Each structure stands twice: as structure tokens, then as C-alpha cells.
Amino acid sequence: MATAYTEKIRETTPAGSQRAVACALAQLLTEFPDLPTPHWAIPIPQPEDDRTLYGYLQREHETLQAFQAYVKALGGVVTSCAPVERYGRLVCTHTVVAQWKGIRVDVTVTLPASINVQAAL
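First things first, this report covers the structure right here in the doc. Quick caveat: nothing in here was measured; it's all calculated off a predicted structure.

1. Re the overall build of the chain
Right, so step 1: For the chain, the count of helices and strands is four helices and six strands.
Right, so step 2: Burial analysis of the chain (121 residues in total) assigns 33% to the buried set.
Right, so step 3: Contacts spanning at least 24 positions in sequence make up 52% of the contacts within the chain whose residues lie at least 6 apart.
Right, so step 4: Carbon and sulfur atoms provide 55% of the accessible area of the chain, an area that totals close to 7300 Å².

Following this line, the structure appears as C-alpha cells:
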């Protein structure tokens, strides 16, 4: 049974854009099976002209090495935020933004501010 929310999703989300992002994710996982596993997200609704796949490295994959693996595999541009305090420690969020099979892929990790990510890449 369709709800008002699911009907709104159907009206505002071109199915082709969701399939394109899902296919890009499947290809990424197939071509790089040894990459650390982030939490993947495909926003809904997703405009057809802004197809983006988001990955968040968390828990055991929240490491510099895991982030470096994605930078090496995808290339792209790395951005970093200013340090912020979270749960009593100073951290920075780093994101690699790349294109993969015509889809924008953002992979993000939060690391201690003492780690110089730019120097490590």
C-alpha cells in the first residue's frame, strides 16, 4: 500500500537516477572488493542532475588508512573542515569528492585533529 510519502518520492525522483547511482555503487564494490566498507547512502529524492553516492567511514573503518584507500582508488579532491570538539576530543572531518562512472562519490571520515591527512596523502 502506497503512503503519501512514497507517492511523493515516486513523483519527485526519476527512477533512472537512483538506478544509475546504485549501478555505480555495484561497479565500485565489484572493481574494488578489498576497500573498507563505509555506510553508503543514496539520498531520496535525488534530482536527476545531481546524482551523488555518499559513503561514511565509521567504527572499525574510521581510520586514515581506510580513507587513503578511497583516495587512491577514486582520485578526486580531498577537503577538510576546521577542527571541532566532539565528545571531549578535537576532530576534523575529511571528504574525498570524485567522479565514478558518471556519478559523484563523496567518502567522508572523521579523524582526530592531530592527524595531518593532507601530508599523509
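2. A short note on the side chain of aspartate 106
Right, so step 1: Considering the arrangement of structural elements, one finds aspartate 106 in strand β6 (residues 103–112).
Right, so step 2: Only 2.8 Å separates the side chain of aspartate 106 from the side chain of arginine 104, close enough to count as a polar contact.

3. Topic: the nonpolar core
Right, so step 1: Counting residues in hydrophobic clusters, the biggest one holds 25 residues, and the most contacted among them are Trp40, Phe67, Tyr70, Leu74 and Val107.
Right, so step 2: Take this core: its biggest share by element is seven residues, from helix α3 (residues 64–74).
Right, so step 3: Ignoring sequence-local partners within four residues, the contact set of tryptophan 40 consists of Leu25, Leu28, Leu29, Leu53, Tyr54, Gly55, Tyr70, Val105 and Val107.

4. A few points about the pattern of salt bridges
Right, so step 1: Per the counting criterion, the structure on display carries three salt bridges.
Right, so step 2: Close ionic contact of glutamate 31 with lysine 101 constitutes a salt bridge, the shortest N to O distance being 3.3 Å. Of this pair, glutamate 31 sits in helix α2 (residues 15–31) while lysine 101 sits in the loop between β5 (89–100) and β6; the two residues are 70 residues apart in sequence, bridging distant segments of the chain.
Right, so step 3: Classification of glutamate 31 as partly exposed rests on a relative accessible area of 44%.
Right, so step 4: Measuring nitrogen to oxygen at the nearest pair gives 2.8 Å for the salt bridge that ties aspartate 106 to arginine 104.

5. Details of unusual backbone geometry
Right, so step 1: Of note in this structure, tyrosine 87 is not a glycine but carries a positive phi near 50 degrees.
Right, so step 2: Mapped onto the secondary structure, tyrosine 87 falls in the loop between β4 (84–86) and β5.
Right, so step 3: In this structure, lysine 101 is a non-glycine residue whose phi angle is positive, near 55 degrees.

So, how was this worked out
- Residues numbered from 1 in each chain as written.
- Predicted model: local features only at pLDDT ≥ 70, side-chain atom pairs only at ≥ 80, totals over all residues.
- Heavy atoms only, no water.
- Helix = DSSP H or I, 4+ residues; strand = E, 2+ residues; numbered from the N terminus.
- Buried < 20%, exposed > 50% of the residue type's maximum accessible area, 1.4 Å probe, protein only.
- Contact = heavy atoms within 4.5 Å.
- Areas by Shrake-Rupley, 256 points an atom, 1.4 Å probe, with all protein chains shown as cover.
- Polar contact = N/O pair within 3.5 Å; in protein donor to acceptor, adjacent residues only side chain to side chain.
- Core = buried A, V, L, I, M, F, W, Y, C linked by side-chain atoms within 4.5 Å.
- Salt bridge = Lys/Arg side-chain N within 4 Å of Asp/Glu carboxyl O.

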